[in-house]
Amino acid sequence: MSTPVRYGQHRPLAPRTRCNVCGSKPDKPVMDHCHEHGWVRGAVCSRCNSLMALIDRKITPLAGGANEATLLGLLMHFGLCP
């Protein structure tokens, strides 16, 4: 397990870094972080980042077009906040 890092203290992401949720390799990945605590959870694509924002606000992302497999991945990723 790696040492927790706060958002803003993380390394820049390389283009095509794999999304930790859906596995895509976006041209511009983003570093997702917990908005409550500030800890980095990992690299995600912009779509999964938007869906994670819903989860952080305690809104079910199924309304945002997430299927059940994506929802499971999102919830597992959510749990990465130390």
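Residues numbered from 1 in each chain as written. Predicted model: local features only at pLDDT ≥ 70, side-chain atom pairs only at ≥ 80, totals over all residues. Heavy atoms only, no water.

1. Structural notes on the side chain of H77
Relative to the elements of secondary structure, H77 occurs in helix 2 (residues 68-78). Polar contacts involving the side chain of H77 include one to the side chain of D32, which spans 2.9 Å. Excluding anything up to four places from it in sequence, H77 contacts N20, V21, D32, R41, G42, V44 and M52. (Helix = DSSP H or I, 4+ residues; strand = E, 2+ residues; numbered from the N terminus. Polar contact = N/O pair within 3.5 Å; in protein donor to acceptor, adjacent residues only side chain to side chain. Contact = heavy atoms within 4.5 Å.)

2. Quick word on the pattern of salt bridges
Scanning the entire structure with this criterion turns up three salt bridges. For R41, the salt bridge goes to D56, with nearest N and O atoms at 2.8 Å. Of the two residues, R41 is situated in strand 2 (residues 40-44) and D56 in helix 1 (residues 46-56); the sequence distance between them amounts to 15 residues. There is no split in this pair, since R41 and D56 are both buried. A single network of salt bridges, built from pairs that share partners, joins D32, R41 and D56. (Salt bridge = Lys/Arg side-chain N within 4 Å of Asp/Glu carboxyl O. Buried < 20%, exposed > 50% of the residue type's maximum accessible area, 1.4 Å probe, protein only.)

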